[in-house]
Amino acid sequence: MMDPLLENLLAGFVDEAQEIYERVARSMMELEKAPAQGPSFDELARGLHTLKGSAATLGLEELADFAHRMEDVVLPLRGSSKPLPARLSDAVLKSLDVWMAHLRAIAAKGQLPDLAPSVALLETVKPDAPAPAAAKSRKKKNGKGPSASETLAATVARAPEPEPPAAPTPAPVPAPAEDAQADSWRVTTRQVIALLHEVERLREVRLRLEERRREIDRALQQLDRLGIQAETAEARSVLLGVRRALGADGEEAADIVASMEDGLKTISTMPVRTAIEPLHRAVRDICKATGKQAKLAVVGAEVSLDRRVLEQLRGPLVHLVRNAVDHGLELPQVREARGKHPDGALAIRVEQQGNMLFIEVSDDGAGLDLEQIREAALRRALVPAEELANMSTQQLHQLIFRPGFSTKAEATEYSGRGVGLDVVRNQIQALQGHVEVQSVPGQSTRFVLTLPADLGSSPVLVVRCGEHQLGLPMVAVESSRRARSKDLRVGRSRVQLEHREQLIPVQDLGALVGLRQPEVPAEGQPLLILQSQGRTMALSVDEVLGDRELVIRPLPVEIRELAAYQGAATLARGELVLILRPDFIVSTERRADTGLISTRRALVVDDSLTARALHRTALETGGYLVHTASNARQALEQLRHSAYDVMVCDIGMDEMDGYELTAAVRQRVETDSMPILLVSARDSENDRQRGLAVGADGFLTKKDCVSGRLLSEVGSVIARRKGAA
Amino acid sequence: VKVQPREPGGFAPELNELLVRRAQRIRQKPAEDEDENLLWVAEFPVGEETYALPLDTLRAAVPLKMVTPVPLSPPHVIGILRFQGQIVTALSLASLLGGRGWREDPAVLLVVDPGFGRLVALDCERIPKPSGLPHAQVAEARARSSGPTCEITLAGTRQVSLLDLLRLMDRRQGQEKR
């Protein structure tokens with residue numbers, strides 16, 4: 001059984017060794033293309049030395065010796081004007097993998113990989129120059145590793161060419177986790193997550209404090225309306241005091257939330273670089289295997305991510321990068337023939353916007369071949385031929401995420417087994433995120449992973465559309481302005497806005513999210529200029545309610561597939577607001593996909609959310625395009641802009657009931673002959689007669705609103721109106 | 001204000017009698033054998049019919065308010081709401097059951113755990129009442145049914161449709177995929 005102290009130290013060393021391993025691997029790959037000298041070689045030497053020394057400190061003699069053998073292979077080449085030989089670097093990289101696997105197995109008390117084959121492999125690539133000094137020095141000090149200076153001296157002694165005098169001194173070898181007991185504690189992930197949730201609760205408490213303060217403001221305003229009276233003076237004074245105190249408490253709570261968040265961030269996150277570093281190696285290996293050439297560029301590697309998320313992301317990232325090389329990039333000669341640089345450009349861009357994380361993996365290869373996708377889908381019987389023929393580009397792109405999908409006829413080491421992108425998608429979904437793919441044939445493919453981050457809040461612009469409040473990430477909002485008819489170009493099928501000497505499309509948010517027919521912006525209506533994915537457009541909204549700092553949470557599974565939303569956030573009063581995805585708003589593909597085939601339109605007016613849902617269910621089954629309104633005022637507004645084939649209206653509504661609405665509708669020339677079906681929770685002959693008297697065409701009780709009955713009644717009232725006409 | 005202690009004889013006789021009966025009932029040892037033979041369910045109306053769901057799946061009954069509608073969502077989705085820090089989807093039960101009529105506009109949401117590790121909320125016309133269904137009849141009805149409900153006929157020809165939430169959700173997902 002392992003000593004508990006050693007076990008703790010070992011756990012710390014595994015993490016440290018992983019970082020060193022990645023640095024060493026990176027240096028090796030750089031030195032394959034550049035002379036074996038300079039900072040990369042120093043990094044390599046320092047890394048191997050640290051691995052050796054630290055392993056020896058922990059009594060892992062076998063690993064210390066193995067690291068030493070790697071040094072023996074590499075260090076004699078220091079200062080060479082040639083790159084490291086490919087055979088040598090292959091052997092060292094493979095040995096490094098085995099070294100790490102061995103260390104992990106020791107820590108996990110698992111099956112130890114055999115080091116002997118790797119030792120033998122290293123012997124085959126070892127330069128002729130012997131290194132007795134180093135070997136001897138390592139035996140000193142009761143089995144502990146040599147000091148940094150000893151190693152440096154040995155290195156200089158072994159170097160085939162004179163070492164430059166200003167060779168950087170290797171960093172002192174840290175004694176791994178020597179102070180672990182004194183300076184650090186081991187804390188379980190669960191404990192940290194529990195703290196994260198508490199911070200979240202505290203943030204909500206802070207929001208509630210703000211709301212309480214606004215309530216007091218309202219109470220004070222009411223008192224002001226009563227005038228200054230002696231009877232209310234004391235109450236006023238108390239309220240003012242409480243208001244001030246709440247303000248101070250709110251500010252203090254905000255400070256605490258920010259400070260706790262910062263602290264937790266330090267504890268629970270790691271730079272994304274730790275997941276991306278190994279990808280350089282993956283790219284190198286697959287390029288060697290496939291004969292392709294690629295350069296991997298990374299932007300945003302310094303972004304810190306939740307350690308759990310990072311761990312879960314490793315697999316998907318490796319897969320996407322391997323896929324990009326194997327499927328995306330062309331062979332160098334093909335690229336040259338197409339006028340591209342022989343080295344393919346792979347790019348990973350990591351960006352955190354508030355508490356949303358975006359990771360893009362892109363390549364400048366051949367792009368997704370729609371014909372190949374169709375053929376593969378047919379070959380693997382994933383989709384029936386007739387369905388395939390009707391699929392849009394976006395739908396075809398989605399096929400690559402189906403289990404069993406592969407365009408390769410034969411499986412290779414890297415692809416063709418039909419296991420891959422579906423796993424990537426599942427893993428990202430398990431993190432409550434989603435994956436999208438965009439591709440330009442012959443030019444590029446881009447995978448975008450969107451994930452929620454536990455910490456942080458995002459600036460969101462909250463807008464109103466009808467009775468709905470919706471949020472837009474501020475990052476996509478370039479500016480806002482009022483609609484002026486002189487700037488609008490209204491065509492038969494589209495509206496454009498002259499904005500900064502350019503014509504940009506105008507989209508009505510209400511129509512975009514299926515709440516109403518598209519409306520041309522009225523004079524003075526707010527327009528938001530949005531930018532996303534290189535497109536600019538104007539979005540017309542009913543009202544801009546203001547910007548807020550909100551924590552965007554993923555939507556529940558039942559509606560997570562809705563492309564329109566990034567997530568939802570809690571407003572100060574506890575209600576949720578849906579956050580729109582800018583790429584959905586600016587997407588032109590979506591509009592092509594959602595080309596409405598329904599010709600019949602129905603307006604459902606009911607103050608019950610659930611009744612609206614039920615009517616919608618029934619009517620959509622019957623092929624109607626359904627818009628809803630939660631009150632009579634809103635219904636009249638809808639009718640002012642759009643024509644409907646039928647209105648299904650509840651009788652019992654606040655402010656203006658169904659009778660009054662029917663009467664109002666009949667008074668308008670545009671709607672005086674629109675079929676109206678009244679529905680009521682009460683089954684009363686009086687109600688029925690009164691409804692018919694004010695101009696309704698039919699009456700149905702809610703208990704009779706089973707799907708078939710509602711549809712047949714709707715059909716009847718439409719037929720009656722037509723007959724009457 | 002001086003608070004007077006409540007005198008035992010301070011209530012009207014009929015109220016006293018009621019309190020005594022209530023206390024006796026509470027003190028009674030539960031009839032364990034009877035309990036063991038019953039599946040405790042939450043019973044509620046959907047239109048003209050009576051539905052029930054196992055009480056152990058019910059997490060809460062909350063007023064149907066503070067629900068945010070989700071435009072573009074499938075029609076059986078009423079919206080989303082916050083429940084104990086989680087975002088939960090509110091679904092129309094009548095719609096999930098294939099379009100049923102209703103007597104009163106639902107005013108209650110039942111937060112349930114269908115058994116797949118997350119909560120959902122189902123709308124309901126009234127706050128459900130707890131009742132017991134004989135295990136034997138439940139088992140028999142379940143064996144007969146392959147759908148999301150199984151019909152149980154109780155004494156007096158009263159019929160209760162016991163919901164199988166997992167099947168109900170699976171069916172909906174299946175329909176969506178198609």
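Hey, could you go over the interface of chain A and chain B for me, with residue numbers and the actual values?
The interface of chain A with chain B comprises 43 residues on the first partner and 35 residues on the second. Here chain A packs against chain B, burying approximately 3,300 Å² in sum over the two surfaces, 67% of which is carbon and sulfur. By the criterion of area lost to chain B, the three top residues of chain A are A:Glu558, A:Leu576 and A:Leu614, representing 21% of everything that side buries. Applying the counting rule to chain A against chain B returns 2 salt bridges.

Residue-level account of the side chain of A:Ser532, with values.
Residue and element names in this part refer to chain A. Mapped onto the elements, Ser532 comes out in strand S14 (residues 526–532). Here the side chain of Ser532 touches Asp583 through a polar contact of 3.5 Å, landing on its backbone nitrogen. Non-local contacts of Ser532, meaning those with residues more than four positions away in its chain, are made with Pro582, Asp583 and Val586.

Tell me about the packing of aromatic side chains, residues and numbers included.
All names here are of chain A. Counting across every chain of the model gives 1 aromatic pair over all chains. An angle of 90° between the planes, with centres 6.2 Å apart, marks the rings of Phe401 and Phe447 as edge-to-face. You can see Phe401 sitting in the loop between helix H16 (393–398) and helix H17 (421–430) and its partner Phe447 sitting in strand S7 (residues 444–452), a full 46 residues away along the chain. Here the two residues Phe401 and Phe447 agree in accessibility, since each one is buried. Between the NZ or CZ atom of Arg600 and the centre of the ring of Tyr624, over which it lies, the distance is 4.4 Å.

Give a description of the side chain of A:Thr274 that names residues and reports values.
Residue and element names in this part refer to chain A. Positionally, Thr274 belongs in helix H11 (residues 273–290). Relative accessible area serves as the criterion here: at 3%, Thr274 is assigned to the buried category. Apart from residues lying up to four places away in sequence, Thr274 is in contact with Glu22, Leu310 and Arg314.

Could you give an account of the sheet that holds S7(A), naming the residues involved and the relevant values?
Residue and element names in this part refer to chain A. If you trace the 5 strands from one edge of the open sheet to the other, you get S2-S4-S5-S7-S6, paired in mixed fashion. Two strands close off the open sheet at either side, each with one partner strand: strand S2 (294–299) and strand S6 (434–440). The average undirected angle you get between the axes of adjacent strands in this sheet is 15°. Note that S6 and S7 share 7 bridges and pair antiparallel. Looking at S7, one finds that Val440 is bridged to Ser444.

How would you explain the sheet that holds strand S9 (residues 468–473) of chain A if you had to name every residue and give the values?
Residue and element names in this part refer to chain A. With respect to topology, 5 strands assemble into an open sheet ordered S16-S8-S9-S18-S17, the strand pairing being mixed. Every other strand in the sheet has two partners, leaving strand S16 (543–550) and strand S17 (565–570) as the edge strands with one partner each. Taken over all neighbouring pairs, the strand axes of this sheet differ in orientation by 35° on average, direction set aside. In this structure, strand S8 (residues 458–465) lies alongside S9, joined through 6 bridges in antiparallel fashion. Among the inter-strand pairings, Leu461 is bridged to a residue of S9, identified as Leu472.

Criteria and cut-off values
- Residues numbered from 1 in each chain as written.
- Chains lettered and ligands numbered in written order.
- Predicted model: local features only at pLDDT ≥ 70, side-chain atom pairs only at ≥ 80, totals over all residues.
- Heavy atoms only, no water.
- Contact = heavy atoms within 4.5 Å.
- Buried area = accessible area lost by both parts, 1.4 Å probe.
- Salt bridge = Lys/Arg side-chain N within 4 Å of Asp/Glu carboxyl O.
- Helix = DSSP H or I, 4+ residues; strand = E, 2+ residues; numbered from the N terminus.
- Polar contact = N/O pair within 3.5 Å; in protein donor to acceptor, adjacent residues only side chain to side chain.
- Phe/Tyr/Trp six-rings, centres within 6.5 Å; stacked < 30°, edge-to-face > 60°.
- Buried < 20%, exposed > 50% of the residue type's maximum accessible area, 1.4 Å probe, protein only.
- Lys NZ or Arg CZ within 6 Å of the ring centre and 35° of its normal.
- Pairing = 2+ DSSP bridges.
- Axes fitted to C-alpha atoms, helices over the stretch in contact; angles between N-to-C directions.

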